[in-house]
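Observations on the three-dimensional arrangement
Read off the chains here:
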Amino acid sequence: MKYISTRGQAPILDFENVLLSGLARDGGLYVPDTWPMFSSSEVKEFSSLTYNELALRVIQPFVGDSIETVKLSEMINSSYSRFTTADTAPLKEIGKNEYLLELFHGPTLAFKDIALQILGHLFDHILRTRGKTTTIIGATSGDTGSAAIEAMRDRDAIEVFMLHPYGRISDVQRRQMTTVISPNIHNIAIEGNFDDCQDLVKAMFNDKLFCDRMRLGAVNSINWARIMSQIVYYFYAAAKVGELKNPISFAVPTGNFGNVFSGYSAMCMGLNVDQFVVGSNRNDILTRFFETGSMTIQDVHSTLSPSMDIQVSSNFERLLFEILDHDGDRLQLIMNEFRKKGNFSIDNKALEIIQSIFYGASFDDDETKNTILDIFEKTGELVDPHTAVGIAAGRAQRREKSVPMIALATAHPAKFPDAVNLSVGQRPALPKRLNQLMEKKEKFIILPNNVNLIQSFISDNSKINP
Ligand SMILES: *Cc1c(COP(=O)(O)O)cnc(C)c1O
C-alpha cells in the first residue's frame, strides 16, 4: 500500500513511514492512494467473524508487507485483551431500529483506546525490528493523552511527552495521565489553554531540525494508523445488525472528524451506508458547513462535551481530498485560504456529493442534558455527554426509519460524572479497576507557554538526545 499527501507535494510513503511520520512535509495528511475493496460476498462473510478476526481482515491491506500477518494478528489480540467486555464493541438496542455501539470498554474509558492500543504495538514492533527510536509529542484536552500514555508506557523504543492545559482538564482525565509512573512517560502541564498546547506541538513539528533530531512522532488522528484501526467497528456494527447487504446509518459525535472519516473509509471499501450524521455541540462549524458549503471559524466555546470543543477539524481535509478527486493543488489553495482568512467555500457540485451522505446537527448543553435524561428514563442506560450529542443528532436527521441507525458511544459515563449528575441526579461509579485512581501519586511538570523551554525539557529528558 502506498500513501500520498492531501496536498500533493510530499514524498509517497509506505505504511511503516506513514506510521512514524505523522504530518506530511507539505503540511497535508497522508491517505492511501487507492482503497482496498471488499466484494459484497466478502462483506457478507464478515458476520461470522469475531472482532479480532475482522480487524485483521480490515487492517491487513493497509499494512501490506510491512508486518507479517501472524505478528499483526498477535498485536490485535493483545490490544483487545485489555478490554473488559468479551466483545470489544458491544451493540445495544436503545429504540426501534436504533442502536448504541459501545466503544469505551478499553483501559481509559474512551473510544480512543480502540486505535491507540493498536498504535502502541505497531510503533513498538516497527521501531524495535528496525533498531530505531521515536519521541512522541502530543497535545490533549483529555482523552487522547490518557489513551496514548496507557498504550505507550514502559516501551523502550518510545519516549512520550504529553502536553495538557494546566488546570483546565477534569481530575479524572488528568489523573489518568499523571498517575502513570513510567520512565518513558512525561506529562507537561502548560500555563495556557488547549489551543496553546496544540500550537506548541505544531511549532515543534515545523521546526524541521528539531523534528528530525528528536525523530518526532504523532499519536493524534492526523496519524493514518488511527483512522485505519477505527474502520473495523463500522463493518462490525453493520455485521451485527445483519445489514451487510442493506444500507445502514451512523450517528457520530465529532471533534477532529477522525472517527467519522473512518466510517467514510469503510464506505469507500464496500460498506453500504445510507447516512453519516455528524453530531456537534455549540461549536457547530461542521453543522454550518453541511448546510451551506462554507467553513467559517468562530470562537471556541466550553461545553459539557469538551472533547468536541474544537473549530478546525483536521481530518476534514481527508474528506475534501476524496471529494475533489485527489486534487492536491486545489487542496493546498483551499487550506492556505482557510489559514489566512478563517474561511473557505466549496462549489455546488462538491457540496451536493457531500450532502448526499453527510448530515449535521448541533445541540447546546441543555439539549445534551435532556437527551441523557431521556435515554436514562426510557432504557435505564447512562450515556456520556458526547454520546448524547451523537444520539440526538441521529434522531434529528434520520431520513428513513427502516434503516438501522447506529449511534457511536465514545466515552464511558463515569469519565464525565458531573455532566451525567447534572442531567439525571446521580453520579456513575468509576469501573472497579480505576478504584485507586483518585488516591494514587501524581507526577507532572508545569511549564510556561514557551516553545524554547519546552524543547529544552524534551531534549534533556529524551533518550534520543544525541
Ligand atoms: C475524541 C473524542 C470525540 C471526537 O472524535 P473525533 O475523532 O475527534 O471526531 C468524541 N467523543 C469523545 C469522548 C472523544 O474522546
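Let's shift gears to the site of the ligand. Residues in contact with the ligand amount to 14 residues; listed here are only the nearest, Lys112, Asp143, Gly255, Asn256 and Asn259. A distance of 2.9 Å separates a nitrogen atom of the ligand from a polar side-chain atom of Thr410. Contact with the protein chains covers 96% of the free accessible surface of the ligand, which is 380 Å². Each residue belonging to the shell around the ligand can be placed in one class, and the counts come to four nonpolar, eight polar and two charged.

Quick look at unusual backbone geometry now. With a phi angle near 60°, Asp154 is a residue other than glycine that sits in the positive phi range. Position of Asp154 relative to the elements: it lies in the loop between helix H6 (143-152) and strand S6 (158-165). Positive phi values are uncommon outside glycine, yet Asp325 reaches one of about 50°. Within the element layout of this structure, Asp325 appears in the loop between helix H13 (316-323) and helix H14 (328-341).

All right, on to the pattern of salt bridges then. By the definition in use, this model includes 26 salt bridges. The salt bridge involving Glu102 is made with Lys92; its shortest N-O contact spans 2.8 Å. Placement of the pair is Glu102 in strand S4 (residues 98-102) and Lys92 in strand S3 (residues 91-95), with a sequence separation of ten residues. Using a relative accessible area of 5% as the deciding quantity, one classes Glu102 as buried. Exposure remark for Lys92: the relative accessible area of 29% places this residue in the partly exposed category.

As a further point, take H14. Structural remark: α-helix, 3.6 residues per turn; residues separated by three or four positions point the same way. The end-to-end C-alpha distance of H14, which contains 14 residues, comes to 20 Å, matching closely the 20 Å that a straight helix rising 1.5 Å per residue would cover. Restricting attention to buried positions, one finds in H14 the residues Gly328, Leu331, Gln332, Ile334, Met335 and Phe338. Looking at the buried positions of H14, the neighbouring elements they touch are strand S11 (294-296), H13 and strand S12 (343-345). Just past H14, the residue Gly342 takes up positive phi, approximately 75°.

Moving on, we get to helix H10 (residues 224-240). In terms of burial, H10 is a largely internal element, 16 of the 17 residues being buried. Downstream of H10 by a residue or two, Gly242 has a phi angle that is positive, lying close to 75°.

Moving on, we get to the packing of H13 against H14. Between H13 and H14, the least distance of the axes is 10 Å, while the angle of their chain directions is 140°. As judged from the angle between their axes, H13 and H14 are oblique. Crossing of H13 over H14 shows right-handed handedness. Mapping the contact onto sequence places Glu317, Leu320 and Phe321 in H13 and Gly328, Leu331 and Met335 in H14. Of the residues in the contact of H13 with H14, the class split is four nonpolar, one polar and one charged.

Moving on, we get to the sheet that holds strand S5 (residues 134-139). Ordered by their spatial adjacency, five strands build an open sheet running S8-S5-S6-S7-S15, and the pairing between neighbours is parallel. The open sheet is flanked by strand S8 (216-217) and strand S15 (445-448), the only strands paired with a single partner. Relative to S6, S5 runs parallel, the two being bridged by six bridges. Bridge pairing in S6 places Gly138 opposite Met162. Across the sheet, H6 is in contact with S6 and strand S7 (185-191); its angle to S6 comes to roughly 160°.

About the cut-offs
- Residue numbers restart at each chain and count upward from 1, following the sequence in its written direction.
- Confidence filtering applies because this is a predicted model: local features only for residues at pLDDT of at least 70, side-chain atom pairs given and counted only at 80 or more, and all residues used for totals across whole chains, interfaces and linings.
- Excluding hydrogens and water, the side-chain values take into account all heavy atoms of the structure.
- Residues are classed as near a molecule or strand on a simple rule: at least one heavy atom within 4 Å of it.
- Distance and chemistry together define a polar contact, namely a pair of N or O atoms within 3.5 Å, with one atom able to donate a hydrogen and the other to accept it when in protein, and with adjacent residues in sequence counting only for side-chain atoms on both sides.
- Shrake-Rupley sampling with a 1.4 Å probe provides the accessible areas, and residues are treated as covered by the protein chains on show and by no other component.
- Only Asp, Glu, Lys and Arg are considered charged, only Ala, Val, Leu, Ile, Met, Phe, Trp, Tyr, Cys and Pro nonpolar, and every remaining residue, Gly among them, polar.
- Runs of H or I in DSSP of at least four residues are treated as helices and runs of E of at least two as strands, each being numbered from the N terminus.
- The rule for a salt bridge is simple: a side-chain nitrogen of Lys or Arg has to be within 4 Å of a carboxyl oxygen of Asp or Glu.
- Each residue is assigned to one of three classes by its accessible area relative to the maximum for its type, calculated with a 1.4 Å probe on protein chains only: buried under 20%, partly exposed between the two thresholds, exposed over 50%.
- By this rule, a helix spans an expected 1.5 Å times one less than how many residues it contains.
- In what follows, a contact means two residues having at least one pair of non-hydrogen atoms within 4.5 Å.
- Helix axes are fitted to C-alpha atoms over the stretch in contact, other axes to C-alpha atoms as well, and angles between N-to-C directions run from 0 to 180 degrees.
- For this classification, under 35 degrees means roughly parallel, over 145 means roughly antiparallel, 65 to 115 means roughly perpendicular, and everything else is oblique.
- Each crossing gets its hand from how the near helix is turned against the far one by less than a right angle, where anticlockwise is left-handed and clockwise is right-handed.
- DSSP calls a pair of strands paired once it identifies at least 2 bridges connecting them.

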